Amino acid sequence: MNKSVRLLFYLIFCFGSLITSCSKNTDAPTDQMKNLSVSTAPITAITSTSAMSGGTIIADGGSNIIAKGVCYSSTNTQPTIADAKTNDGSGSSVFSSTLSGLVLNNSYYVRAYATNSTGTAYGSVIKFTATYKITVTTLAGDGTYGYVDGPGTSAQFRQPYGIAVDQQGVVYVADWSNHCIRKITVDGTVSTLAGTSTSGYADGTGTAARFSYPQGITLDAQGNIYVTDLGNVRIRKVTPSGVVTTVAGDGTHGTNNGTGSNAQFGLPYGLVADSQGNLFVADESNNNIRKISPAGLVTQFVGVGTGYKDGDGTIAQFTSPFAIAIDQQGLFYELDNNRLRKITPSGVVSTLAGSGIIGNVDGVGINAQFSNPCGLAVDNQGNIYVVDTGENFIRLVTPAGVVSNITGSGANGAGYLDGTGFFTRFSFPKGIAVDNKGNIYVADTGNNRIRKITLL
């Protein structure tokens, strides 16, 4: 081989080595990238839509930090800057971030990131679930079994049962053993709207009216209050000024449909008004839902005897229907036999949650369990709140049927304690209502108090 050929091979070899060397340097991490390091801060201030996290730049890798923050995802278990992220500026420092746009009950994967000229490094992944920050306080009642009007915790109740709240945040309570309807202003001042502590039956204004163990309570769009007057087996109406009249029922137990006093009820418990002014009553001993028109005509809405069957209203069956509520789309929700049922405006019944077995099990649909639930309310987003009386819990049910405890201490934790999350106690709570701001009000029957739950 002559010198020219040998020189050619030599040049090709050197050039190829140079290319290989450059390629290796480009693909391999540099020493700077190896030393770039960031840690993820714990998750704090969790709410239904946001949370706080952040991080610490442990080492900048010898190059200026050009971006840092937190990346997060509900689907990617190893989130990157291609997912949702915060941007907390540049420079090597401790930083904190607000994670926004979260969805209630979704789980998220979070980790801090830092970027310098050589690339991006990530901290360890932390998983959390978006949930409510819950605070329970006492709106009214000193816990004494008594009958006293007055400010907030100076007032007294005797087994408050049904509860409703109007557009201005004024709360109305069916005070069961005081046989009257109480009113609580936004600042907690308690007064008697209608009735006295004496049981009886009389229409009239204010204290001239008489009730006998009022149970369920609801409001219509005009602010009128409707009450299931259980001891009198009648449905009563109370105007905002306290004028009481009888809407339907003849005072005897029965099944008759008809107008006004020609109708009969078995044991009327819960009731709710729709946007057209119709009332729907959970008639416990008749095992059906009754409808009362604005003219006072009582008819059977859904339910044909004792049992458990979903389907059209003419074949659906209930066992001791107790509470009923309605959402903004006109869908009804009803509690019977440790189940939460859904009823369309046309009367088609289905089971949203609950197996029918007594228990306290979170889960989806019929995998969940309730323990003698008594109260029911729906917020503006279609979330359903259930008073699980047997377990002293307040439960949340999403429109998709996902059931979870949100506050309370369970059957063995009956008592009285304001606080946050599960560091609270109730004693056989019964009624529940939600205002237009999402605040929840609970008739804590065993504690003779009205409690307020704030969700963030």
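From a predicted model like this one, the values you see are computed outputs, not experimental measurements. (Residues numbered from 1 in each chain as written. Predicted model: local features only at pLDDT ≥ 70, side-chain atom pairs only at ≥ 80, totals over all residues. Heavy atoms only, no water.)

Novice: Explain the overall build of the chain to me, please; I cannot follow it from the model alone.
Specialist: Looking only at helices and strands, one finds 2 helices and 37 strands in the chain. In terms of overall size, the chain is more extended than a compact globule, its C-alpha atoms giving a radius of gyration of 31 Å where 456 residues would be expected to give roughly 23 Å. Considering only C-alpha atoms, the chain reaches an extent of 125 × 50 × 40 Å along its principal axes. Burial analysis of the chain (456 residues in total) assigns 54% to the buried set. Taking as baseline every contact in the chain between residues at least 6 positions apart, the subset at least 24 positions apart corresponds to 48%. For the chain, the separation between the mean place of its 29 positive charges and that of its 29 negative charges on side chains is 8 Å. (Helix = DSSP H or I, 4+ residues; strand = E, 2+ residues; numbered from the N terminus. Rg over C-alpha atoms; globule rule 2.2 N^0.38 Å. Buried < 20%, exposed > 50% of the residue type's maximum accessible area, 1.4 Å probe, protein only. Contact = heavy atoms within 4.5 Å. Lys, Arg positive; Asp, Glu negative; His and termini not counted. Charge placed at Lys NZ, Arg CZ, Asp CG, Glu CD.)

Novice: I would appreciate a short explanation of the sheet that holds strand β35 (residues 432-434) in the present structure.
Specialist: Within a beta sheet, neighbouring strands are joined by backbone hydrogen bonds and run either parallel or antiparallel to one another. Read across the sheet, 5 strands follow the order β34-β9-β37-β36-β35 without closing on themselves; strand pairing throughout is antiparallel. Unpaired on one side and paired on the other, β34 (419-420) and β35 mark the two borders of the sheet. As judged from the 5 bridges shared by strand β36 (residues 440-444) and strand β37 (residues 449-455), these two strands associate in the antiparallel manner. In the sheet register, Y441 faces β37, and the bridge partner there is K452. (Pairing = 2+ DSSP bridges.)

Novice: Looking at this structure, how should I read the sheet that holds strand β25 (residues 323-326)?
Specialist: Pairing in this open sheet of 4 strands is antiparallel, and the strands run β25-β26-β27-β28 from one edge to the other. Of all the strands in the sheet, the pair left with one neighbour each is β25 and β28 (349-353). Mean inter-strand twist for the sheet, computed between neighbouring axes without regard to direction, equals 30°. One ladder, built from 4 bridges, connects strand β27 (residues 339-343) with β28; its direction is antiparallel. (Axes fitted to C-alpha atoms, helices over the stretch in contact; angles between N-to-C directions.)

Novice: I tried to follow the nonpolar core on my own but got confused; where do I start?
Specialist: Proteins that are soluble and globular tend to have nonpolar side chains buried together. Grouped together as the largest cluster of nonpolar side chains are 18 residues, with contacts concentrated most on L102, V110 and F128. Mapped by element, the contributors of at least two residues to this core are β1 (36-40), β2 (51-60), β3 (67-73), β5 (94-99) and β6 (107-116). With 4 residues, β6 is the largest single contributor of residues to this core. The residues touching F128, leaving out its near neighbours within four places in the chain, are I43, I46, A51, L99, L102, N106, S107, Y108 and V110. Counting residues in each nonpolar core, the second largest holds 17 residues, with A377, L396, I406 and V442 among its members. (Core = buried A, V, L, I, M, F, W, Y, C linked by side-chain atoms within 4.5 Å.)

Novice: Sorry if this is basic, but what is going on with the side chain of S48 here?
Specialist: Position of S48 relative to the elements: it lies in the loop between β1 and β2. Here S48 is in contact with L102, V103, L104, A130, T131, Y132 and L456, once residues within four sequence places are set aside.

Novice: Before we go on, may I ask you to explain the packing of aromatic side chains in this structure?
Specialist: The description of an aromatic ring pair rests on the distance of the ring centres and on the angle between the ring planes. Counted under the stated rule, the structure contains 8 aromatic pairs. With centroids separated by 4.9 Å and ring planes inclined at 50°, the aromatic side chains of W176 and Y213 adopt a geometry described as tilted. With W176 in the loop between β12 (171-175) and β13 (180-184) and Y213 in the loop between β15 (204-205) and β16 (214-219), the pair connects residues that are 37 residues apart, well separated along the chain. By the ring-pair criterion, three or more aromatic residues cluster together here, those being Y161, W176 and Y213. Lying across the ring of F211, R236 places its NZ or CZ 4.9 Å from the centre. Taking the ring centre of Y308 as reference, the NZ or CZ of R339 above it sits at 3.5 Å. (Phe/Tyr/Trp six-rings, centres within 6.5 Å; stacked < 30°, edge-to-face > 60°. Lys NZ or Arg CZ within 6 Å of the ring centre and 35° of its normal.)

Novice: Which parts of the structure should I look at to understand the environment of G415?
Specialist: Following the sequence through the fold, G415 ends up in the loop between β33 (402-408) and β34. Judged by relative accessible area, G415 falls into the buried class, the value being 18%. When the C-alpha atoms of G415 and N447 are compared, they prove to be 7.5 Å apart, with 32 residues separating the residues in sequence. Beyond its immediate chain neighbours, meaning those up to four positions away, G415 contacts R425, F426, S427 and N447.

Novice: Please explain the environment of G438 as it appears in this structure.
Specialist: Relative to the helices and strands, G438 resides in the loop between β35 and β36. It is 22 Å that separates the C-alpha atoms of G438 and A353, two residues lying 85 residues apart in sequence.

Novice: What's the story with the environment of R290 in this structure? I'm lost.
Specialist: Within the element layout of this structure, R290 appears in strand β23 (residues 288-292). For the pair R290 and L99, spaced 191 residues apart in sequence, the C-alpha separation works out to 47 Å. A distance of 3.0 Å separates a polar side-chain atom of R290 from the backbone oxygen of Q264. (Polar contact = N/O pair within 3.5 Å; in protein donor to acceptor, adjacent residues only side chain to side chain.)

Novice: Sorry, what's going on with the pairing of β28 here?
Specialist: Where a strand is regular, its side chains alternate between the two sheet faces. The buried fraction of β28 is high, at 4 of 5 residues. In this structure, the hairpin formed by β27 and β28 is closed by a connection of 5 residues, where G347 is found at a positive phi of approximately 95°.

Novice: Quick question: what am I supposed to make of the pattern of salt bridges here?
Specialist: Between side chains of opposite charge, a pair can form when the charged atoms approach closely. Under the counting rule described, the total for this entry stands at 11 salt bridges. Residue R182 pairs with D175 through a salt bridge whose shortest N-O separation is 2.6 Å. Taking the relative accessible area as the measure of exposure, D175 reaches 0% and is therefore buried. Measuring nitrogen to oxygen at the nearest pair gives 3.2 Å for the salt bridge that ties R395 to D362. Taken together, the residues R395 in strand β32 (residues 393-397) and D362 in the loop between β28 and β29 (363-364) connect sequence positions 33 residues apart. Several salt bridges share partner residues, and in doing so they unite D149, D175 and R182 into one network. (Salt bridge = Lys/Arg side-chain N within 4 Å of Asp/Glu carboxyl O.)

Shape is all these values report; function is a separate question.
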